[in-house]
Amino acid sequence: MNSKGQLPIIVAVILSGIIIFSALTSYKVSIFPKTVEDPDWMHLIINVDKDFKRILQASLANFTRSYLDTGDRVDSEGNARINIETWKFAFSLAYAPLSLKISILPSGSLISKASTYMLQFKYGSSTTFYNVYVSSFIIERGSIFNCSWDKPYSISASHASIYLDIIGSKVYGWNNSYTALLSLNITKIIVDETSNEMSITFILNNEMGPVNNLSINSVNITINGMQRNVWSLAYCGMGMYNVTIGNVPPPSYTILITVTDSRGIIVRSKVTV
Amino acid sequence: MNCSGQFRIIEALITVILVIGSMTIAINIQRIPSSWIIYSREELDDMAFNLLDEISVPTISNILSNQTGKWEYDISLLLGTLLPKTVYFNMTIYEFTPINESTITMRILNRFAITNIPGSFVMDISESGSATYIFTSSDGRIYMLVLTLIRVKG
């Protein structure tokens, strides 16, 4: 064979090799040994990170419901903790092949610092400003849930830390802390003495920021011990809502506002003006 | 005809055959599934987990909270739509319920199999993978979703 003619064959052989190699590489065919990290522990951590928030929120909803009914914080916490223990059991079972060691610790946390704000009350042409002191809100170490209700600024919150040792995958010491909360802050009460309408402005926040999906059925208002129908609920942005109530008597007022968010978490504020 | 000229023609033919042959092989590799391509189990595990992670909150949560009619078919239809036609699936949903502080019950929630595997399944299984996902619904119910994916040889 002519030696000059061998060059195209050599080029063709190399080209063929490149084409086949590229195809095999791009489609990850297993004839190539590849180092794949064991994904199970990553799945586990993704699952914990997403679902622990959900169980914490659901348990806080359970806690606030029970506290609203019974007024017993300790008993309500006990009931809500059963949910968290069930979740822990389910998780341990689901990932049992990984020899999972999971700890949920009531590590406690400072949820909000002390502050002050002005509450405006207007009746007809007379306006009064109240300086409201908001004390710091803490979940004590050893507790997962706490609430501070019946104040102009009220809050319901839960906080816990989670620790994971995934022995099967030799992943040790993964941990994170999670908080769920709902706070209600009454800022303005205006009474129109001619039409006997009351307008109440409040701000609703959760752990992510302003809550913008409140419905009229989620707001319950009691004035001087008598439950009132909410005529309208308007969202003003940044978590601020305006509710109107009709047929209100002349002052003075003790107003209780109970709000339930879409997750079922309850918070109750109280103002006496 | 010149002898060296004939060699040139033969060499050119070999070159063309090599290039076309390699391209044919490359195109065949891209066909999924092919009986001689072996996928790693991890890919099916990842696919199953990612699917559960994506659909648990927006869709399965809604289906499980209502549980109207044959809701298992709804989930089966959803999985059948999202997964490639060459992948068979089987899903089981468990629910954990606390009875008291020391007792937790675990029961299978689906009344019949959530699957697209034919009754007389005798195909040659190429690969199978599975994922488990714990999911808490907005009303605080705790579910364990187990999804198994099977890829058969094409």
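1. Overview of the overall build of chain A
Point 1. A tally of helices and strands in chain A yields three helices and 16 strands.
Point 2. Relative to a compact globule of 273 residues, whose C-alpha radius of gyration would be 19 Å, chain A shows 30 Å and is clearly more extended.
Point 3. Projected onto its principal axes, the C-alpha positions of chain A cover 115 × 45 × 30 Å.
Point 4. Within the span of chain A, comprising 273 residues, buried residues form 32% of the whole.
Point 5. For chain A, the share of sequence-separated contacts (at least 6 apart) that also reach a separation of at least 24 residues comes to 62%.

2. Notes on the interface of chain A and chain B
In many reports, interface size means the accessible area that the parts give up when they come together.
Point 1. Across the contact, 38 residues belong to chain A and 39 residues belong to chain B.
Point 2. Elements supplying a minimum of two residues to the side of chain A that touches chain B: helix H1 (6–26), helix H2 (40–70) and helix H3 (73–94) of chain A.
Point 3. Among the residues making up the side of chain A that touches chain B, the classes are represented as 25 nonpolar, ten polar and three charged.

3. Considerations on the pairing of strand E9 (residues 197–206) of chain A
Residues and elements named next belong to chain A.
Point 1. Here E9 shows one buried face, formed by Met198, Ile200, Phe202, Leu204 and Asn206, and one open face, formed by Glu197, Ser199, Thr201, Ile203 and Asn205.
Point 2. Bridge count for strand E8 (residues 171–192) against E9 is ten bridges, and the pairing is antiparallel. Looking at E9, one finds that serine 183 is bridged to asparagine 205.
Point 3. Connecting the antiparallel pair E8 and E9 is a turn made up of four residues, with asparagine 196 showing a positive phi of about 55°.
Point 4. Sheet topology places E9 next to strand E14 (residues 240–245); six bridges connect them, and they run antiparallel. Following the sheet pairing, threonine 201 is matched in E14 by asparagine 242.
Point 5. Bridge analysis of E9 against strand E10 (residues 209–210) gives two bridges, and the strand direction is antiparallel.

4. Things to note about the sheet that holds strand E11 (residues 219–223) of chain A
The strands making up a sheet associate through backbone hydrogen bonding, with each pair oriented either parallel or antiparallel.
All names here are of chain A.
Point 1. If you walk across this open sheet you meet the four strands as E12-E11-E15-E16, and the pairing is antiparallel. The strands lining the two open edges of the sheet, one partner per strand, are strand E12 (226–228) and strand E16 (266–272). When the angles between neighbouring strand axes are averaged without regard to direction, this sheet yields 25°.
Point 2. In the sheet, E11 pairs with strand E15 (residues 254–260) via five bridges, with the strands oriented antiparallel. Bridging across to E15, asparagine 220 finds its partner in threonine 258.

5. So, the domain arrangement of chain A
Point 1. Domain boundaries in chain A define domain 1 (1–36) and domain 2 (40–272).
Point 2. Relative placement of domain 1 of chain A and domain 2 of chain A: their C-alpha centres are 64 Å apart.

6. Structural notes on the domain arrangement of chain B
Point 1. Here chain B is described as being made up of domain 1 (1–30) and domain 2 (41–152).
Point 2. Computed from C-alpha coordinates alone, the two centres of domain 1 of chain B and domain 2 of chain B are separated by 52 Å.

7. Overview of unusual backbone geometry
Residue and element names in this part refer to chain A.
Point 1. Omega for the peptide link from proline 251 to serine 252 comes to 10°, which places this bond in the cis form.
Point 2. With respect to the helices, strands and loops of the structure, serine 252 is situated in the loop between E14 and E15.
Point 3. The phi angle at asparagine 224 is positive, at roughly 50°, despite the residue not being glycine.
Point 4. Its place among the elements puts asparagine 224 in the loop between E11 and E12.
Point 5. Asparagine 224 gets classed as partly exposed once you count the C-beta atoms within 10 Å, which come to 14.
Point 6. The phi dihedral of asparagine 247 is positive, around 55°, even though this residue is not glycine.

Thresholds applied
Residues numbered from 1 in each chain as written. Chains lettered and ligands numbered in written order. Predicted model: local features only at pLDDT ≥ 70, side-chain atom pairs only at ≥ 80, totals over all residues. Helix = DSSP H or I, 4+ residues; strand = E, 2+ residues; numbered from the N terminus. Rg over C-alpha atoms; globule rule 2.2 N^0.38 Å. Buried ≥ 20, exposed ≤ 12 C-beta atoms within 10 Å, placed from the backbone. Contact = placed C-beta atoms within 7 Å. Nonpolar A, V, L, I, M, F, W, Y, C, P; charged D, E, K, R; others polar. Pairing = 2+ DSSP bridges. Axes fitted to C-alpha atoms, helices over the stretch in contact; angles between N-to-C directions. Domains from an automatic or database assignment.

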